[in-house]
Amino acid sequence: MSWWRISTDTLAESRFVISALAETTACLLALHKDVAAHPGERQWLDACLPAYRARLAADPITALLVWSALRPGWIADFVVPPASGAAAPAFHDELAPIRETPADQVHADLEVALRGPVPAGLRRPDLAERLADLLEWLWMELVRPDWARRRRVIEADVVARTAQLGQAGWAAAFDAMRPGMRWLGEGRLQVNRYDFPPRDLSGARLLFVPVTPGVGWVSWAADRYAVMYPCSGVLAEPDPAPVPDALGALLGPARARVLVLLDTPKTTTQLVALTGQGLGSVGRHLRILLDARLVRRRRAGRAVLYDRTAAGEVLIRAQAPR
């Protein structure tokens, strides 16, 4: 297993970061692996893979670069620089360090990822530029059109993780963050199951970066370390079925949306992410639905979940096409 030594000062100053580049890189990894973490991701992959594969087919050098840089168990370092830690970095500002990576550093990183020499076709000076161009294309064509929804999902995950920290502490948050990650005690954080030497984070910043695809990785620079982890699968699914017009007229479109979403138990934070409504608005809708006995509230561990009652189910089924 691979673990990091984390001091109390480093842990106290750690923070969550939203990164458009990390989200785009996660989409690249998902497309490269073609393995979906949930049905919503499978739908996205099926829609986007043809364009992605056509892009690589037209550029064999970049295709070979992707194959060489994204190896099982290791990603070439220049592909995944840690997040800057800025509050709201612009995508192209985050992309600049990748584009400006010196050629000798790119080749060295590829040798580590490949555990051997760089293929002859990649012994050229423009690899960083090619990788940056691919990420920029992914951002513009496949991620940016859906970034508003993705960002809501990411923000909801941060809210949920922050609440978990307040309720159960860092150890519980680490254990639930991503597979292979857990708190070992005595200042040691296991970050994955691979057998790599431990690293001491004394004096460095520690950043946590949620992404909506079901992938994760770690990265580091001299002054900062980052853990990229997948948001909850239920949050990352695509937009649900539309609200029936009659139900929207009866309850109001926003409140009806909340009732439709409660086909499975969800927390308030999840409803905020899936509806795009504010926390106060979702809370008001839930109170009214509770008073009308269309939904119920119950506790599962430290989480409060809402789902439809029998009366709520009857109301939804009444809207089904005959």
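Rules used in this analysis
Going along each chain's sequence as written, the residues are numbered from 1 onward. Only residues with pLDDT of at least 70 are given local features in this predicted model, and only at 80 or more are side-chain atom pairs given and counted; all residues enter the totals for whole chains, interfaces and linings. Hydrogens are left out, water is left out, and the side-chain values use all remaining heavy atoms of the structure. What counts as a helix is a DSSP run of H or I of at least four residues, what counts as a strand is a run of E of at least two, and both are numbered from the N terminus. Joining through side-chain atoms within 4.5 Å is the link that ties buried Ala, Val, Leu, Ile, Met, Phe, Trp, Tyr and Cys residues into a set, and such a set is a nonpolar core. Each residue is placed in one exposure class: buried if its accessible area under a 1.4 Å probe, protein chains only, is under 20% of its type's maximum, exposed if it is over 50%, and partly exposed if it falls in between. Here a residue-residue contact requires only that any non-hydrogen atoms of the pair lie within 4.5 Å. Any two strands are treated as partners once DSSP identifies two or more bridges connecting them. All axes are obtained by fitting lines to C-alpha atoms, using only the stretch in contact for helices, and the reported angles, taken between N-to-C directions, cover 0 to 180 degrees. Multiplying 1.5 Å by the helix residue count minus one yields the expected span of that helix. Working definition: the arc comes from the directions between the helix axis and the C-beta atoms, pointing outward to the latter. What makes a salt bridge here is a side-chain nitrogen of Lys or Arg within 4 Å of a carboxyl oxygen of Asp or Glu, nothing more. With respect to orientation, any angle under 35 degrees is reported as roughly parallel, any angle over 145 as roughly antiparallel, any angle of 65 to 115 as roughly perpendicular, and every other angle as oblique. Residues were grouped as follows: Ala, Val, Leu, Ile, Met, Phe, Trp, Tyr, Cys and Pro as nonpolar; Asp, Glu, Lys and Arg as charged; and all remaining residues, including Gly, as polar. The aromatic pairing rule takes the rings of Phe, Tyr and Trp, using the six-membered ring of Trp, and pairs them if the centres are within 6.5 Å, calling planes under 30 degrees apart stacked, those over 60 edge-to-face and the rest tilted.

A.B. asks: When you look at the environment of P82 in this model, what are you seeing that I'm missing?
C.D. replies: On the secondary structure map, P82 appears in the loop between β4 (74-75) and α5 (91-99). In this structure, the C-alpha to C-alpha distance between P82 and V218, residues 136 residues apart in sequence, is 8.0 Å.

A.B. asks: In this structure, what is going on with the nonpolar core? I would like to understand it.
C.D. replies: Side chains of a nonpolar character, in soluble globular proteins, are inclined to be buried together. The biggest cluster of nonpolar side chains holds 56 residues, and the ones touching the most others in it are L31, F78, V79 and L110. Per element, the largest residue contribution to this core is 10 residues, and it comes from helix α7 (residues 127-143). Leaving out residues up to four positions away in the same chain, F78 has contacts with L65, I98, T101, V106, D109, L110, A128 and L131. Within the second largest apolar cluster, 20 residues are counted, among which are I6, F16, M181 and A204.

A.B. asks: What is the right way to read the sheet that holds strand β7 (residues 199-200) from this model?
C.D. replies: Pairing between the strands of a sheet is mediated by backbone hydrogen bonds and can be parallel or antiparallel. The mixed open sheet is built from four strands, whose spatial order is β5-β6-β1-β7. Across the chains shown, the open sheet's two edge strands, defined by having one partner strand only, are β5 (182-185) and β7. As judged from the two bridges shared by strand β1 (residues 2-5) and β7, these two strands associate in the parallel manner. In the sheet register, R5 faces β7, and the bridge partner there is D200. With respect to the sheet, helix α8 (residues 147-175) is in contact with β5 and β6 (188-192), its orientation differing from that of β5 by roughly 125°.

A.B. asks: Could you clarify how one ought to interpret unusual backbone geometry in this entry?
C.D. replies: Glycine aside, negative phi is the norm for most residues, and most peptide bonds take the trans geometry. A positive phi angle is found at D34, which is not glycine, with a value near 55°. Topologically, D34 is positioned in the loop between α2 (20-33) and α3 (39-57).

A.B. asks: Help me understand helix α13 (residues 279-291) in this model?
C.D. replies: The α-helix winds at 3.6 residues per turn, so residues separated by three or four positions along the chain end up facing the same way. Taking 1.5 Å per residue as the helical rise, α13 with its 13 residues ought to reach 18 Å, and the 18 Å between its terminal C-alpha atoms agrees with that figure. Taken as a whole, α13 has its buried residues at V282, G283, H285, L286 and L289. Along the long axis of α13, the arc covered by the buried residues comes to 160°, so they all point the same way. The exposed set on the far side of α13, more than 90 degrees from its buried face, consists of R287 and D291. R293, located one to two residues past α13, shows a positive phi value of around 60°.

A.B. asks: What is the right way to read the pattern of salt bridges from this model?
C.D. replies: If charged atoms from side chains of opposite charge come close, those side chains can pair. One pass over the full model with this rule turns up 20 salt bridges. Between D146 and R150 there is a salt bridge whose closest N-O contact spans 3.6 Å. Here E155 makes a salt bridge to R151, at a shortest N to O gap of 3.0 Å. Pair noted here: E155 and R151 are both in helix α8, with a separation of four residues, about one helical turn. Looking at E155, the relative accessible area reads 33%, which means it is partly exposed. Of the residues examined, R151 reaches a relative accessible area of 28% and is grouped as partly exposed. By sharing partners, the salt bridges in this structure join R55, D59, R124, D126 and R130 into a single network.

A.B. asks: Please clarify how the packing of α2 against α5 should be interpreted in this entry.
C.D. replies: Two quantities define a packed helix pair, namely the angle between the helix axes and the distance between the axes. The interhelical angle for the contact between α2 and α5, taken along N-to-C directions, is 65°, at an axis separation of 8 Å. Between α2 and α5, the crossing angle belongs to the class labelled roughly perpendicular. Contacts from A20, L21 and T24 of α2 reach α5 at F91, E94, L95 and I98. By residue class, the composition of the contact of α2 with α5 is five nonpolar, one polar and one charged.

A.B. asks: Sorry, what's going on with helix α4 (residues 60-69) here?
C.D. replies: Taken residue by residue, α4 has T62, L65, V66, S68 and A69 as its buried positions. The buried residues of α4 all sit within an arc of 165° when viewed along its axis, so they share a single face. Buried residues along α4 sit in contact with α2, α3, β3 (70-71), β4, α6 (103-114) and α7.

A.B. asks: Could you clarify how one ought to interpret the packing of aromatic side chains in this entry?
C.D. replies: Any two aromatic rings considered together are summarised by their centre-to-centre distance and by the angle between their planes. Tallied over the entire structure, the rule returns 11 aromatic pairs. Ring centres of W74 and W220 lie 6.3 Å apart, and the angle between their planes is 75°; this geometry places the pair in the edge-to-face category. Linking W74 in strand β4 with W220 in strand β9 (residues 217-220), this pair joins segments that are 146 residues apart in sequence. The exposure class assigned to W220 is partly exposed, which follows from its relative accessible area of 25%. Here Y194 and F196 contribute two aromatic rings whose centre-to-centre distance is 5.9 Å and whose plane-to-plane angle is 45°, an arrangement assigned as tilted. By way of ring pairs, the aromatic residues W4, W74, Y194, F196, W220 and Y225 are connected into one cluster.

Interpretation in functional terms is not warranted from these geometric data alone.
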